[in-house]
Structures are given as C-alpha cells and as structure tokens.
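Single-letter residue listing:
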Amino acid sequence: MKIGIICYPSYGGSGVVATELGYALGERGHEVHFISSARPFRLHRFHEQLFFHEVTDVSYPLFKYPPYTLLLANKIVEVAKYAGLDVIHAHYAIPHSISAYLAQQMMTRPLPLVTTLHGTDVTLVGAYEEFFQLTRLALRVSARITAVSKALAWETEKTFGTTEQGIEVVPNFIDPKVYLPKAGSMQKCRGHFAPHGEKILAHISNFREVKRVVDVVNIFALVEKVVPSRLLLVGDGPEMVRVEREVSRLGLEGKVQFLGKQESVQEILQMVDVFLLPSEQESFGLVALEAMACGVPVVCSRVGGLPEVVQHGKTGYLAEVGDVQGMSEGVLKLLTDDLRYKAFSEQAVTWAQETFPVERAVQGYEKVYESVVHSS
Ligand code: GMT
C-alpha cells in the first residue's frame, strides 16, 4: 500500500509513534510518505520505502499567520496525486485530520482518512472550546478512528459522544531491538553522572505544564535525603525556568543534570535506575514504555492510559496526581530493596516486550488501512 502519514515533527510522542510506524510499514514493503512542516525528529535513518515531503511556508503581508492547515491540505493533494496514495493516516486530529478532509474535497478520487488520537488533541478541547466543533468534524469524516489507549477512547466518547465507526484501540509500541536493557555497557557514562555509585533517577519530556516536572524535582528531593542519588532531566520546554528555579530553591544544583533535548533516549534509559512521570494527564506515556523496555521501573501518576502501561506493584508504582510523597515512597521501595528492584526490572522488560511489540501495532494499523481502502 501507499500510505501518507501526517504528523508533528517536533519532540513528542505522537511524532515518534508516527515515525516508528512508518519504518515498520516500510520494512513490510509499504511505501510511506511523511507530510509535515519539518522532518520528523526521529526520521533520521534512510529507508528506500520512506519519503518526506515538507509543507512549504508562505509569507504574504496580508496573512498575520501562515495558513498551515491550508498549505498542508494542498501538499496532501500534491503528494496523493504524484505518489498515488491509497490512504492518509493523520496523527493528531487538529489540524491534521481537518487538512486531510479539505484535501479529500479537492481530490477527484476517494482518499480514505484514518485518524489516530494521541491525547492532547482530545483533551485540548477541555481548555479551548474553539476546537470542539472542529474535533467533532475530524472524528465524523475519518473512515476509521484509532486511539492509543482504552482510557483515551473512553475519554473521546465521553467528550464527543459515540461515533458511527467506533474507536479502535491500537496501543503504542516499542521496537525491542532498540529498547532493551544493556547492563554494563553504559557504566562509563553512569560513572560520569553518579561518580560515587549514587542511584540515577530520570525524567524525559517536552517540559510542558501537563508533565509536572516541578513534581519530579520534589520527588527527587525526598528520595535523595534517604538514598544518595542523582537526577537526569532530559528535554526542554516552557516549564524549564520554573524547574531550574525549584532546583536552586532546594539547593540541588550539584545533583540535578539538565541534558537538554536528546534523540537517543534508549542510551540514557539504559543507565537509569528509576523513571519518573508524574503527569497531570497522559493518554499513554510512550516514554514510560520505553523505560520499562530498557529494564527501568516507572513511578508515575494514576491518570489516563498510564495504568494500562505501567503495572502497579509489578513494573512500577502509581500514585494520584500531585502525590509527591507517595511517588517518592514508590521510588524508595525500589531503591532500598535489591531483590524487589531486580524483580520489577525483569518484569518491566517482559511486560513491555510481550504486551507492546511493534509487530502487533503495525498489523493492527495494516488491518485498519486495508478495511478503508477496500471499502472506498
Ligand atoms: O503530550 C505530549 O507529551 C505530546 C503528545 C504528542 O502529541 O506527542 O503526547 C501524547 O501522545 C503520545 C503518543 O501517543 C502519548 O504517549 C502521550 O501520553 C500523549 N500526551 C498526553 O496525553 C499528555
């Protein structure tokens, strides 16, 4: 099949999922055309079945903002005609599914649309009523809708009502050849960050408010009072200033390292002891899955799709949003009991590999594409 994938290119889970799905589809012989405002950040390996089409910007004095949704729609038509796309797969409803819908109107043949909901595209409307009708339209015009967790499918139906086509859950996935434990190989690096054998905690995100990175610092502050530890903060975003201020306020400057945006997160995860994700909202929490696949237990909030990803008392611990004390206790249970830690770490790898393999997800999406192509 010839599949057009529309996604955000920047640091974030939906772009990662779209890109990894593209590589997996390419491996299975499909031709995949990425359409985005810039090259997706994980699209760095050459693959003969993968193509990238950049949505070009226009600058015209009359436009206060470049009309990206329209430019994207135009690019979809251009690529669909030139490459002969069979299906368009929009990751994130706003504005991608709307652009795809516009593209359909410009086409002289059917171009079925599959929309994958990633989370904030649905929960966004809680904050911005302006997007309600548009998101509802995106759902209505999609031949098939998928969501990355049961919680997100449920949340979508609660917000927008049930849709005629229903919402299929295709959970996010990892490639176990990339995300795997590598005991020993990262020792030199580990020694750099934890020179006296301290434990290493980590958090990776786009530092938006929803990630509650200040909680990460506060959890770490409680943990390091009991167990000598270091904290690695990976990523960047709007909350960075508040986070830096909290680190200084608590006098933790020497114990917290800011690594900025990083691509090869598996190499970082491979030297970490516990991963923290205390988010306010998380439809899935891809990075938690990546951590577990690398043998790192996760301590996170009991919210959205996280309880489907992290097994409380088996592969990590969950606590209520904002329960810094509870999350620090979870971390300490792991760091003060070697036998428990080993069991959690092994269970995390098995759970991640057996429950979320890339093959299962790619087969799920293939079935969805086939069904829309055959009925269009
Ligand atoms: O919220 C983010 O961190 C970015 C966002 C995105 O679009 O990349 O992440 C969402 O999609 C990811 C991939 O499906 C999920 O793993 C994240 O849980 C989800 N974020 C939220 O729901 C807050």
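All figures in this text were calculated on a predicted structure; none of them were measured in a lab.

1. So, the domain arrangement of the protein chain
- Segmenting the protein chain into domains produces domain 1 (2-173 + 357-375) and domain 2 (184-355).
- Buried surface at the junction of domain 1 and domain 2, both sides included, amounts to about 1500 Å², of which 53% is carbon and sulfur.
- Considering only the surface of domain 1 that becomes buried against domain 2, Tyr 11, Arg 42 and Asn 172 emerge as the three largest contributors, covering 37% of it.
- Residue Arg 42 pairs with Glu 290 through a salt bridge whose shortest N-O separation is 3.8 Å.
- Applying the counting rule to domain 1 against domain 2 returns seven residue pairs in polar contact (both at pLDDT 80 or more).
- Among the elements of the structure, helix H1 (13-27), helix H4 (120-127) and helix H6 (150-160) are those that each provide at least two residues to the side of domain 1 that touches domain 2.
- Of the residues that constitute the side of domain 1 that touches domain 2, the class distribution is ten nonpolar, eight polar and three charged.

2. Looking at helix H9 (residues 240-249)
- By the burial criterion, the buried members of H9 are Met 240, Val 243, Glu 246 and Val 247. Down the axis of H9, the buried side of the element spans an arc of 125 degrees, and every buried residue falls inside it. Away from its buried face, by an angle of more than 90 degrees, H9 presents the exposed residues Val 241, Arg 245 and Arg 249.
- Packed against the buried residues of H9 are helix H8 (213-226), strand E9 (229-234) and strand E10 (256-260).

3. Some thoughts on the layout of surface pockets
- What the largest pocket holds in volume is close to 890 Å³.
- The wall of the largest pocket is formed by 40 residues, among which Gly 13, Ser 14, Arg 208, Lys 211 and Glu 282 lie closest to the centre.
- Here the lining of the largest pocket is composed, by residue class, of 17 nonpolar, 17 polar and six charged.
- When residues are assigned to domains, the lining of the largest pocket turns out to be shared by domain 1 (2-173 + 357-375) and domain 2 (184-355), each giving three or more.
- What the second largest pocket holds in volume is close to 560 Å³.
- In terms of lining residues, the second largest pocket is bounded by 25 residues, among which Glu 20, Tyr 23, Arg 45, Asp 175 and Val 178 are the most central.
- Contributions of two or more residues to the lining of the second largest pocket are made by H1, helix H11 (286-293) and helix H15 (358-375).
- No other element matches the six residues that H1 contributes to the lining of the second largest pocket.
- In terms of residue class, the lining of the second largest pocket is made up of eleven nonpolar, four polar and ten charged.
- Here the lining of the second largest pocket spans two domains, since at least three of its residues come from each of domain 1 (2-173 + 357-375) and domain 2 (184-355).

4. Remarks on the site of the ligand
- Lining the immediate environment of the ligand, one finds 17 residues, of which Gly 13, Ser 14, His 118, Arg 208 and Glu 282 sit closest.
- Residue Asn 206 places a side-chain N or O atom 3.2 Å away from an oxygen atom belonging to the ligand.
- Between the ligand and the protein, one listed contact pairs an oxygen atom with a side-chain N or O atom of Glu 282 at 2.7 Å.
- The cavity where the ligand resides is the largest pocket.
- Its residues assigned to classes, the shell around the ligand shows four nonpolar, ten polar and three charged.

Rules behind the numbers
Residues numbered from 1 in each chain as written. Predicted model: local features only at pLDDT ≥ 70, side-chain atom pairs only at ≥ 80, totals over all residues. Heavy atoms only, no water. Domains from an automatic or database assignment. Buried area = accessible area lost by both parts, 1.4 Å probe. Salt bridge = Lys/Arg side-chain N within 4 Å of Asp/Glu carboxyl O. Polar contact = N/O pair within 3.5 Å; in protein donor to acceptor, adjacent residues only side chain to side chain. Helix = DSSP H or I, 4+ residues; strand = E, 2+ residues; numbered from the N terminus. Nonpolar A, V, L, I, M, F, W, Y, C, P; charged D, E, K, R; others polar. Buried < 20%, exposed > 50% of the residue type's maximum accessible area, 1.4 Å probe, protein only. Arc of directions from axis to C-beta. Contact = heavy atoms within 4.5 Å. 1 Å grid on protein atoms, 1.4 Å probe; cavity = no way out; pocket = protein on both sides within 12 Å on 5 of 7 lines; lining within 4 Å. Points joined across faces, edges and corners; volume = space filled by probe spheres on them. Near = heavy atom within 4 Å. Sits in = over half its atoms within 2 Å of the grid points.

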